[in-house]
Amino acid sequence: MTELFYAILNMSISASVLVLVVLLLRLLFRKAPKWVTILLWGLVAVRLICPFALETPFSLMPKTEWVAQESAYPAEVITPDVIDPEEISDKYPGIEVSAPILPAPEITVHRGFGTSFVLSCLWLSGIGVMLVYLAVSSIRIHRRTRNTKQFEGNIYTGESIVSPFVFGTVRPRIYLPENMDAISMSYVIAHEEAHLRRLDHLWKPLGFLLLTLHWFNPLIWIGYILLCRDIELACDERVVHSMNEEERVDYSEALLDCSVRRKMITACPLAFGEVGAKQRIKSVLNYRKPAFWIVILAVIACAAAAVFFLTNPLNQPAISIDAHDWYFERVLITDLKSNTTIEAYQPGLLPETSNAEPVNAILVPGDEPMWYDLITGDRNTMRFSNHFLLVKADSKSAQYTVDLYRDTGERYAGVNSRAVIEPMRDGNGYVLTIYEYSASHEKEIIFTTKKQPGAENGEKKLTLDDVLALSEKHTALTWEDFAEYAYTDAGTWNFRCIYEIDDVFWLEITGGSMHGTPMQINLCTKTDYGDGAKYIDIRRKDADDDIVENFINANK
Amino acid sequence: METPKIFEKEYRFCLILWENEPISRAELARICEDQFGWKATTTYTVVKRLCDRGVLTIENNLISALVTKEEAQLAEIDGFVEEKFEGSLPAFIAAFAKKQEFSDSDLDELQKMIDQARKGGGK
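Starting from 1, residues in each chain are numbered consecutively following that chain's sequence as written. Numbering of ligands from 1 and lettering of chains from A proceed in the order in which they are written. Owing to the predicted nature of the model, reporting of local features is limited to residues with pLDDT of at least 70; listing and counting of side-chain atom pairs is limited to 80 or more, with chain, interface and lining totals taken over all residues. In computing side-chain properties, one takes all heavy atoms of the structure into account and sets aside hydrogens as well as water.

**Q** Let's hear about the pairing of strand E3 (residues 62-65) of chain B: which residues, and what values?
**A** All names here are of chain B. Strands qualify as paired when DSSP identifies two bridges or more between them. Secondary structure counts use DSSP, requiring at least four H or I residues in a row for a helix and at least two E residues in a row for a strand, with both numbered from the N terminus. When strand E1 (residues 23-24) meets E3, the two strands line up antiparallel, connected through two bridges. Note on E3: the bridge partner recorded for Ser-24 is Leu-62. In terms of strand pairing, strand E2 (residues 56-59) meets E3 through four bridges, oriented antiparallel. Paired with Leu-56 across the two strands is Ala-65, which belongs to E3. Following E2, the chain reverses through two residues before pairing antiparallel with E3; Asn-60 in that reversal takes a positive phi of roughly 50°.

**Q** Lay out the packing of aromatic side chains with the relevant residues and their values.
**A** Only rings of Phe, Tyr and Trp enter the pairing, Trp through its six-membered ring, and a pair is recorded when the two centres are within 6.5 Å. The plane angle decides the type: under 30 degrees is stacked, over 60 is edge-to-face, the rest tilted. One pass over the full model with this rule turns up 15 aromatic pairs over all chains. Ring centres of Trp-215 of chain A and Phe-216 of chain A lie 6.0 Å apart, and the angle between their planes is 75°; this geometry places the pair in the edge-to-face category. Accessibility here uses a 1.4 Å probe with only protein chains present; expressed as a share of the type maximum, an area under 20% marks a residue as buried, one over 50% as exposed, and anything in between as partly exposed. According to the relative accessible area criterion, Phe-216 of chain A is partly exposed, its value standing at 27%. Measuring from centroid to centroid gives 5.9 Å for Phe-13 of chain B and Trp-38 of chain B, while their planes differ by 20°, and the two rings are stacked. Here the residue Phe-13 of chain B occupies a position in helix H1 (residues 8-20), and Trp-38 of chain B occupies one in the loop between helix H2 (25-36) and helix H3 (40-53), the gap between them amounting to 25 residues. Considered together, Phe-13 of chain B and Trp-38 of chain B belong to a single accessibility category, that of buried residues. Ring pairing ties together the aromatic residues Phe-5, Tyr-6, Trp-123, Trp-215 and Phe-216 of chain A, which thus form one cluster. A cation over a ring is seen here: Lys-5 of chain B above Phe-7 of chain B, with NZ or CZ 5.4 Å from the ring centre. Criterion for a charge above a ring: Arg CZ or Lys NZ at most 6 Å from the ring centre, at most 35 degrees from the ring normal. The side chain of Arg-12 of chain B reaches across the aromatic face of Phe-36 of chain B, ending 4.6 Å from its centre.

**Q** Mind laying out the packing of H1 of chain B against H2 of chain B, listing which residues take part and the relevant values?
**A** Residues and elements named next belong to chain B. Here an angle of 0 to 180 degrees is reported between the N-to-C directions of two axes, which are lines fitted to C-alpha atoms, with helices fitted over the stretch in contact. Close contact between H1 and H2 brings their axes to 11 Å; oriented N to C, the two are set at 135°. Taken together, the axis directions place H1 and H2 in an arrangement best described as oblique. Like other packed secondary-structure pairs, H1 and H2 cross with a definite hand, here right-handed. Residues Arg-12, Phe-13, Ile-16 and Asn-20 of H1 form the contact with H2, whose participating residues are Leu-28, Ile-31, Cys-32, Gln-35 and Phe-36. Charged residues are taken to be Asp, Glu, Lys and Arg, nonpolar residues to be Ala, Val, Leu, Ile, Met, Phe, Trp, Tyr, Cys and Pro, and polar residues to be all remaining types, Gly included. Taken together, the residues of the contact of H1 with H2 sort by class into six nonpolar, two polar and one charged. Comment on the angle field: the value is read as roughly parallel under 35 degrees, roughly antiparallel over 145, roughly perpendicular from 65 to 115, and oblique elsewhere. The sense of a crossing depends on the near helix, which, turned anticlockwise from the far helix by less than a right angle, makes the crossing left-handed and, turned clockwise, makes it right-handed. Contacts between residues were defined by any pair of non-hydrogen atoms, one from each residue, lying within 4.5 Å.

**Q** So what's going on with the sheet that holds E3 of chain B? Which residues, and what values?
**A** Residue and element names in this part refer to chain B. If you walk across this open sheet you meet the three strands as E1-E3-E2, and the pairing is antiparallel. Among the strands making up the open sheet, the edge pair consists of E1 and E2. Contacting E2 and E3, H3 runs over the sheet at an angle of about 105° to E2.

**Q** Break down the interface of chain A and chain B for me, citing the residues and quoting the values.
**A** The extent of an interface is frequently quoted as the accessible surface area lost upon association of the parts. Taken residue by residue, the interface counts 21 residues in chain A and 14 residues in chain B. Summing both partners gives a buried area of about 1400 Å² for chain A against chain B, and 49% of it is carried by carbon and sulfur. Defined here as a combined quantity, buried area equals the accessible surface (1.4 Å probe) lost by two parts on assembly, summed across both. When the buried surface of chain A facing chain B is broken down by residue, Ala-182, Ile-183 and Glu-247 of chain A rank first, second and third, together holding 36% of it. Within this document, salt bridges are pairs made up of a side-chain nitrogen of Lys or Arg and a carboxyl oxygen of Asp or Glu, the two lying within 4 Å of each other. There are five salt bridges connecting chain A and chain B.

Here you go:
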C-alpha cells in the first residue's frame, strides 16, 4: 500500500510539471480550438495514471522519481566517526587497509512504523471522502431524473429539472426542463449532443476518478476545473462553428436563460449552464473560425508537449557518476590474496527495505580504479589485488549486479552475476557474496567475503577429514554434529555458518535454525582468480560412495 | 381546451407564420433565414416542435397555425393575470388604472405585452 502511494505521489509530481506546461500553452494558444487544449489535458491524465513511460533523449522531465520511499521504519540516526585505520585493525585483526578511509556522513537506519505509513493512510481517507462525495452527488442527480418523461429518443424532460444536463455513462440521457421554447431547445440539445459525440460523459467522470487518486495535489484540482471549462467551450465551439451571427446571438440567449446559480464542481452532470456561463457567452459571441495555421501550430505544440513531457529521461549508464545508482557507502578493501575480508558498510540497507540509502562514494573503473567521494570530491585509489569491483544496485530490490574487472579492464564475472549483501547477524558488518547464475549451476559462488577465522565460537577447526567422516552420516547430519567446530556467522534471515577448513575449502551450513537438519551443508571451494567456486552438499549419496572424496580430490 | 403555449422567443416566428399562412416549409425557411438568419434545419426543427405542441399543423406540405394571434395574445394576458393577480380580471383592471401601485417588473411586463400587441397589430 505504501508503495502504491509513493508511486501515485511521484506520478502526481510529474503530472504537475506537465500541468504547468499545459497552463502555459493554454495561455499562448487562446485562439486555438479548445479540443486541442483538451488533448493536452489528456496528456496530463496519462501521466497521472501510467507510472511507466518511454525513455527518450528528448525528455524534458527533470526527474521521474521525486520522492523515494522511506522504509517502513522510522529513522534512527547514527553518526559514525571518522574511521582511523588503526581502529580497524584493532577491531578486525588481520585486516589491512590499503587506502585512507573517507569520513562517513550521517546515516539513518529505519526501524518500526514511519511517516510513509501515516501518509498512505491519510491518502486513503482522502480517497474515501472523494468517493463518498461522488456517490452522494450521483444519488442526488439520479433522484432528480426520477419523474421524467421521454421527449425524443434519449431526451427526457421533467418538472424537477431546473437546468439541462447529461447524465449516465452507459446509456447517457439528456435531461431538459419542462417549459422550454422550441428555439432554445434546439440549441441546448445541439450542445448536449455535442457532449455525447465527444464522449464527454466518459471523460469527465474519468477525470474525476483521477482527481480522487490525486486529491492532495492542488494543481490537479486546477487542471480538473479547467478541463470542465474547456469541455464546455469545446462543445460550444462545435455547435457554433457553422452558425451565423444571429444564430450565435440566439444561442447566447439560450445560454443566459439556462445559467443557474453555480454550485460546487459536480462530478457527474454536464449541465448546460453550469460552468462559467459568462465566459462562454463571450466566446460564443466573439467566435471566429480559427485560422488553419493556428490549429496546425497548436497540434504541433501538443505533440511536442507529449514528446518532451510524456517521456522519461534516459537511465544513466552504469558508469556515470550518479548518487542514485550506487549503494556502497564505504568499502574497505584489502589485499585479496590474503583472502581476508572485504567489508562493505551499508548502513540503512536492510534486506527488507526496497530502497537503499543513497551512496556517497562510488568506484570508478578504469586504468586506475578509484574511489570517488561524492561529498568531498576526493579520489582514492583502492583495489583488491588485481581486481576491482563495480557495483550497480537496483533500487527496487536489495539486489546488486556486480562486475569484477581485472586490471586490464577485462570483465571477469558472468552476465548473470549477482551480488547479495547480507548484514552479519552480530551487526558488525556485512557479507558480500557474488553469485553467478548459469545453465549448469543454479548458482555458483564466485566471490564471497567472510569474517576472520577463529573468531567466536567452537574451538576446533574443521578439517577435510572431519568432513569426510561426517559425510558418511549423509542425511542424518545435524547442526549439532558441527557444534564443536569454529564457524563464522554469515546469515541474516536465515542461519548461515561458515566453517573455515584450509586454503582451498570451506564448509557452509544453512538453515532456518541451528538445530536439527540443516537445509544445506555445502563444501565449497574458495574463489580463485578466474575460476568459479564449486560446491557440493556433503550429504549426497551416489552410486559410488566417494562422491565427496572425489570432489575434494578434484579441487585440491 | 387550453391554448398551447407559445413562448416569448417563438413569438416572432409565429408572427411570420400568421402573416404568411398557409405557407410551404421551404418558403417559411427562406423567410426565417432572411429575418432571423436561421438555417433551414433550425426552422424545420422549430416547426416540428410547434407542431408537436399543437401550435401549428402541416397539411399537404402547407403549414398553417392552429392558434390565432388573438388567441395567443389572450392566453398571454390570461397568464399574466393568473400569475400576478390571482386570476382576478377586475383586480387587473383596477390595478391598471392605479398605475402607481405597479412594481417596476409589473410595468415592464405590461409594457412588453403592450409592445407585442402593438407589433402584432402594426406590422
